[in-house]
Amino acid sequence: MNMKKQLYFFLAAAFWLGAGALSAAIHSEAGTVSGQALTIVPSAKSAAMGNAQTAIVEDNNGLFGNPAGMGFARRTELNAMHKSMVQSINQNNFGLLVPLGLMSAANVRNFGAIGAGLNYLDYGRFSGRDAAGAITPDFDAIDRIININYGKAFGPNFAIGAAAKLYHFEVLDAISDGTVFDMGAIYRAFPWMSGSVSAFNQGGDLKYSAQAEKLPKVYTAGVAFYPIKDRLTMAADLDFPLNHYPRGKAGLELWLNRAFALRTGYDSAYDPGTGVTAGIGVRIQHFEVAYFPIYQIDIDYGFTPSDDLGNEHNVSISFKFGD
């Protein structure tokens, strides 16, 4: 696919997703959606950069954000994350990304990359009460999401991707199971700039027994700039959620050297709170463990302050394998 066709394809995807975003803005239904676990991005780096990450093509953003980013992956990656939130709410995530081009079979080369992840959100244990206020047995509330991702690049500048997320939400006797889909495209207009369009959580309604609730559908346009290659990244996203007015996100990452990065950002979705985020990254490169080559290890921390709900702490580790 030549560059002109790639650009036309990207513009067509932008038009299609833009129509969905316009529809979401016109038919906004604030406060009427459920399944908010589907909107939490399980990445400490993303949290530190204000969750502005759909146009960033490096590392594991294809697993956690725009699945098109997986199309540019060149190494197998293994990721784990832990997030500590208010009132002992905890989130844990594990992910694996494998570029098919690493396989020896000739018929799978240039077939893109596949990925899978498990996202587990534990709300803790609650004291049970019935309608009259009498004590009933304690109960747990959990959200579990299994994602299966695929991304493919068409040359060095354009990639598309899609993800299926199988969710299981449970509180008391109310259980909802189903599948939603993400999709997106990334286009590198210049070596120092990329743009993206994406749609998240597309599917039918959530169903708890006989009750149906809207999914947290979101349409996003993003842009990322790399004014200093491998040192400085600036990113911005504009979200069009089904249940709210458009929201802006922005983030910045600065590598002081090859081993240490500073990050900050702003996410207008955080309320109450300033929306300002911050974090750091530590990188270890090129070493072996028992003759097994590890190309890179990233250890990231992201901090999100909140006035009333308590601060959020995100810690993640990512391994890239190979020489």
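Residues numbered from 1 in each chain as written. Predicted model: local features only at pLDDT ≥ 70, side-chain atom pairs only at ≥ 80, totals over all residues. Heavy atoms only, no water.

The next point concerns the overall build of the chain. Secondary structure summary: the chain contains 3 helices and 16 strands in total. With 323 residues in all, the chain has 46% of them scored as buried. Accessible surface, the chain as shown: approximately 15800 Å² in total, 63% of it carbon and sulfur. (Helix = DSSP H or I, 4+ residues; strand = E, 2+ residues; numbered from the N terminus. Buried < 20%, exposed > 50% of the residue type's maximum accessible area, 1.4 Å probe, protein only. Areas by Shrake-Rupley, 256 points an atom, 1.4 Å probe, with all protein chains shown as cover.)

Now for the pattern of salt bridges. According to the stated counting rule, one finds 7 salt bridges in the structure shown. Among the salt bridges present, the one from Asp-298 reaches Arg-283, with a minimum N-O distance of 2.7 Å. Here Asp-298, found in strand β15 (residues 292-304), pairs with Arg-283, found in strand β14 (residues 276-289); they are 15 residues apart in sequence, far enough to count as distant. A network of salt bridges, in which partner residues are shared, links Lys-45, Glu-253, Arg-263 and Asp-300. (Salt bridge = Lys/Arg side-chain N within 4 Å of Asp/Glu carboxyl O.)

Further remarks concern the pairing of strand β2 (residues 90-99). By the alternation rule, side chains of β2 split into Gln-91, Asn-93, Gly-95, Leu-97 and Pro-99, which are all buried, and Asn-90, Asn-92, Phe-94, Leu-96 and Val-98, of which none is buried. Across 8 bridges, the pairing between strand β1 (residues 77-84) and β2 is antiparallel. Directly across from Ser-84, in β2, lies its bridge partner Asn-90. (Pairing = 2+ DSSP bridges.)

Looking now at the pairing of strand β10 (residues 218-228). Bridging between strand β7 (residues 193-202) and β10 involves 8 bridges; their strand directions are antiparallel. Bridging across to β10, Val-197 finds its partner in Ala-221.

On the surface, a cluster of nonpolar side chains totalling about 430 Å² of accessible area is made up of Met-234, Leu-252, Leu-254, Leu-256, Leu-262 and Ile-280. Tracing the backbone through its elements, the reader meets Leu-256 in the loop between β12 (247-255) and β13 (260-267). (Patch = residues over 30% accessible without salt bridge, like charges linked within 9 Å, V, L, I, M, F, W, Y side chains within 5 Å.)

Backbone geometry at Asn-201 places phi at a positive 60°, although glycine is not the residue there. One non-glycine residue with positive phi stands out, namely Asp-230, at about 65°. With relative accessibility at 63%, the residue Asp-230 sits in the exposed group.

Ranked by size, the top nonpolar core spans 13 residues in total, and within it Ile-56, Val-57, Phe-72, Ile-186, Ala-224, Tyr-226 and Ala-235 carry the most contacts. Those residues in contact with Ala-224 that sit more than four places away from it in its chain are Ala-55, Ile-56, Trp-192, Met-193, Ser-194, Met-234 and Ala-235. One finds Leu-121, Ile-145, Tyr-167 and Val-180 within the second-largest nonpolar core, a separate group that totals 11 residues. (Core = buried A, V, L, I, M, F, W, Y, C linked by side-chain atoms within 4.5 Å. Contact = heavy atoms within 4.5 Å.)

Moving on, we come to the environment of Lys-249. In this fold, Lys-249 is placed in strand β12. Taking the C-alpha atoms as reference points, Lys-249 and Gly-222, separated by 27 residues in sequence, lie 9.2 Å from one another. Once residues within four sequence positions are removed from consideration, Lys-249 is found in contact with Gly-50, Asn-51, Ala-52, Ala-235, Ala-236, Asp-237, Asp-239, Tyr-266 and Asp-267. Here Asp-239 takes part through its side chain, which lies 2.7 Å from a polar atom of the side chain of Lys-249. (Polar contact = N/O pair within 3.5 Å; in protein donor to acceptor, adjacent residues only side chain to side chain.)

To continue, consider the side chain of Asp-267. As for its position among the elements, Asp-267 is in strand β13. Despite its burial, Asp-267 pairs with no opposite charge; the closest candidate is Lys-249, at 4.4 Å N-O. Side chain to side chain, Asp-267 and Asn-51 meet in a polar contact 3.1 Å long. (Lys, Arg positive; Asp, Glu negative; His and termini not counted.)

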